[in-house]
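Coordinates in review
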Amino acid sequence: RIQILFEMVTLKQTLLNNSKLPWILSIIAFVYCIVYFVQIYHNTDIVFNIVHPKPKTKVASFQTSTSIERNPPHEASFNKQDNLLSISTALPDVDSAVQQIKKKNLMFIKTHKCGTSTLVNVFYLYGVRHRSNFALQPYKHNINSNDIRGLLPPRPNGTYNIQCQHGVFNPSSEHKILPKATSLYTTIIRSPVSHFKSAFSFWGGDRNMIKKYGENITYEESMNKWLETYSGVSVGLTLNSASHDLGFAHYSFTGSLQQKIEAFIEHIDKEMDLVMITDRMDESLVMLKEKLGWNLTDILYLKRMVARKPERILKPLSNTTINRITDRQVIDRQLFDYFNKKFDQHIDDYGRERFAKLVKDFQDVRLRFENKCFDKNRTIRGVMGTETWAFSEYASKNLVCVFLQSRDVQLTKAITQLQLTNDYTKELSNNKDIVFKDMFQKVQSDFMAGLPVFEEN
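Residues numbered from 1 in each chain as written. Predicted model: local features only at pLDDT ≥ 70, side-chain atom pairs only at ≥ 80, totals over all residues. Heavy atoms only, no water.

1. Here's the deal with helix H7 (residues 192-202)
Within the span of H7, buried status applies to Pro192, His195, Phe196, Ser198, Ala199 and Phe200. Close packing links the buried residues of H7 with helix H8 (205-213), helix H9 (219-228), helix H10 (241-245), helix H14 (319-328) and helix H15 (330-350). Immediately downstream of H7, the backbone of Gly204 shows phi near 90°, a positive value. (Buried < 20%, exposed > 50% of the residue type's maximum accessible area, 1.4 Å probe, protein only. Helix = DSSP H or I, 4+ residues; strand = E, 2+ residues; numbered from the N terminus. Contact = heavy atoms within 4.5 Å.)

2. Examining the packing of helix H12 (residues 281-292) against H15
Following both chains from N to C, one finds H12 and H15 inclined at 55°, their axes separated by 11 Å at the closest point. Compared by their axis directions, H12 and H15 come out oblique. Crossing of H12 against H15: the hand is left-handed. Of the residues in H15, those touching H12 at Glu283, Ser284, Met287, Glu290 and Lys291 are Phe343, His346, Ile347 and Tyr350. Looking at side-chain class alone, the contact of H12 with H15 contains four nonpolar, two polar and three charged residues. (Axes fitted to C-alpha atoms, helices over the stretch in contact; angles between N-to-C directions. Parallel < 35°, antiparallel > 145°, perpendicular 65-115°, else oblique. Left-handed = near helix turned anticlockwise from the far one by under 90°. Nonpolar A, V, L, I, M, F, W, Y, C, P; charged D, E, K, R; others polar.)

3. Things to note about the pattern of salt bridges
Using the criterion set out here, one finds 12 salt bridges in the structure. Within the structure, one salt-bridge network assembled from shared partners comprises Arg280, Glu283, Asp344, Asp348 and Arg352. (Salt bridge = Lys/Arg side-chain N within 4 Å of Asp/Glu carboxyl O.)

4. Some words on the packing of helix H18 (residues 408-420) against helix H19 (residues 436-448)
Where H18 meets H19, the axes come as close as 11 Å, and the angle between the chain directions of the two elements is 75°. Of the possible angle classes, the one that applies to H18 and H19 is roughly perpendicular. Contacts between H18 and H19 involve Gln410, Leu411, Ala414, Ile415 and Leu418 from the former and Phe436, Met439 and Phe440 from the latter.

5. A closer look at H19
Count 3.6 residues to each turn of an α-helix, and residues three or four apart come out pointing the same way. Between its terminal C-alpha atoms H19 stretches 18 Å, which fits the 18 Å expected from 13 residues at 1.5 Å a residue. Listed in full, the buried residues belonging to H19 are Phe436, Met439, Phe440, Val443, Gln444, Asp446 and Phe447. Within H19, the buried residues cover an arc of 160° as seen down the axis, which keeps them to one side. Positive phi shows up at Gly450, right after H19, with a value of about 80°. (Expected span 1.5 Å × (residues − 1). Arc of directions from axis to C-beta.)

6. A short note on the packing of aromatic side chains
According to the stated counting rule, one finds 17 aromatic pairs in the structure shown. Pairing Tyr124 with Phe134 gives two aromatic rings, centres 5.3 Å apart and planes at 80°, and the pair type is edge-to-face. Placement of the pair is Tyr124 in helix H5 (residues 116-129) and Phe134 in the loop between H5 and strand S4 (162-163), with a sequence separation of 10 residues. This pair shows no difference in class: Tyr124 is buried, exactly as Phe134 is. (Phe/Tyr/Trp six-rings, centres within 6.5 Å; stacked < 30°, edge-to-face > 60°.)

7. Observations concerning empty space enclosed by the protein
Overall, the coordinates contain two cavities of 30 Å³ or more when judged by the stated rule. Residue composition of the lining of the second largest cavity, grouped by class: four nonpolar, four polar and two charged. (1 Å grid on protein atoms, 1.4 Å probe; cavity = no way out; pocket = protein on both sides within 12 Å on 5 of 7 lines; lining within 4 Å. Points joined across faces, edges and corners; volume = space filled by probe spheres on them.)

8. Considerations on the environment of Lys110
Looking at the element boundaries, Lys110 is found in the loop between strand S3 (105-109) and H5. For Lys110, a relative accessible area of 2% corresponds to the buried category. With residues near it in sequence (within four places) discarded, Lys110 still touches Thr116, Ser117, Val120, His141, Cys164, Gln165, His166, Gly167, Asp245 and Asp408. Polar contacts involving the side chain of Lys110 include one to the side chain of Asp408, which spans 2.7 Å. (Polar contact = N/O pair within 3.5 Å; in protein donor to acceptor, adjacent residues only side chain to side chain.)

9. Comments concerning the sheet that holds strand S6 (residues 274-277)
If you walk across this open sheet you meet the four strands as S4-S3-S5-S6, and the pairing is parallel. Edge strands, defined here as strands with exactly one partner in the open sheet, are S4 and S6. Of the pairings in the sheet, the one linking S3 to strand S5 (residues 183-189) comprises five bridges and is parallel in character. Bridging across to S5, Met107 finds its partner in Tyr185. Each of S3, S5 and S6 touches H12; the most contacted strand, S6, lies at about 155° to it. Its contacts with the sheet put H15 on S5 and S6, and the angle it makes with S6 is roughly 105°. (Pairing = 2+ DSSP bridges.)

10. Structural notes on the pairing of S5
When you tally the buried positions in S5, you get seven out of seven residues, the bulk of the element. A two-sided burial pattern is seen for S5, the buried positions comprising Ser183, Tyr185, Thr187 and Ile189 on one face and Leu184, Thr186 and Ile188 on the other. Note: S5 against S6, four bridges, orientation parallel. Following the sheet pairing, Thr187 is matched in S6 by Val275.

Any functional reading would require information beyond the geometric quantities listed.
Shown next, in the form of structure tokens:
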């Protein structure tokens, strides 16, 4: 873009220095340069039409029928001598009735401490296999949707297909990145007590209380001491965390607190096509699969950590403490209650018996996949003092196991490179014999060959 601007300014100067040309032509050229500068600065579609002419057909990076594996969303042709990561895509028409019903792109609002790292790896795998364009801040774990000019650009002739990074939900900006007409908007929330316990430990609340009151303080006492330090309704990464990530503090709702909460829930209900529930992870993924038209193997995930929690954390909380937590989680509690019931409505609309069978099928396949990927008789040390199962011999052949077990922070950096330069040389932290380039190439080549994510034989 800078090069285009430089060339325009150079052209303008040439015209002004040429006395043989009418002044009117020079003025037109100058205005032309200004227009281009504005378009480049605001990253508009007009500039992309000139730099990378858009194809006549629409981009369809997400398959919208239920047969994903052997009917990819866009066929890809490549020369065997070419690098697989430089595949040229033949974009199909997307005017079929099925594709008009299904939404092909995915906007996932990533909430803290709701199992979202597991989900992001699922979405990353799907996107890499299908050569989707990710909307993300280059090399960063978070996204600032207020600064869409800072997003990693999509590939030439492409549009964004997936957003799944941390960031406070801002609909006015998100809609510009992934229009609701062609995108499924979803997020995930967690039961208030379970969510608070996870956030309280992760963000150092328990650790700080131990430092202040000594090693003999119990986990429950630690929680209560911490809660005493906050008054009123707090919205942050520990209390009402889901509401924080979904933008509660950024909306100008009027009226009492209860009226603001009700308006907020109504707003989220309008924006989201599906709100998933961490406490019902398998059901949530199956429902998402159905709404996107994915395959059962497209939503396979692995449990990344098998950490042994300290004994003090495992002790059940008293009803008094539970009630105190839910009182302080007043926004998240109502948010959870509403969308947990709404999730039941999704199941009723689908058919409970039919949906239960689908969930059972998924759980059976997922467990078999997990048992193939790991040697559960051996554990290795993971990040932040955690433990994880060691990979099996099968994982060296099916690198999807390695992909799903990678840290999403590392995958974000690798996907940035994929979208920018196709250059991967960094080793995987959980397998020094494999670099990202090898893993991504294998994942994509298996997809190109029509191989599913998981085959038992």
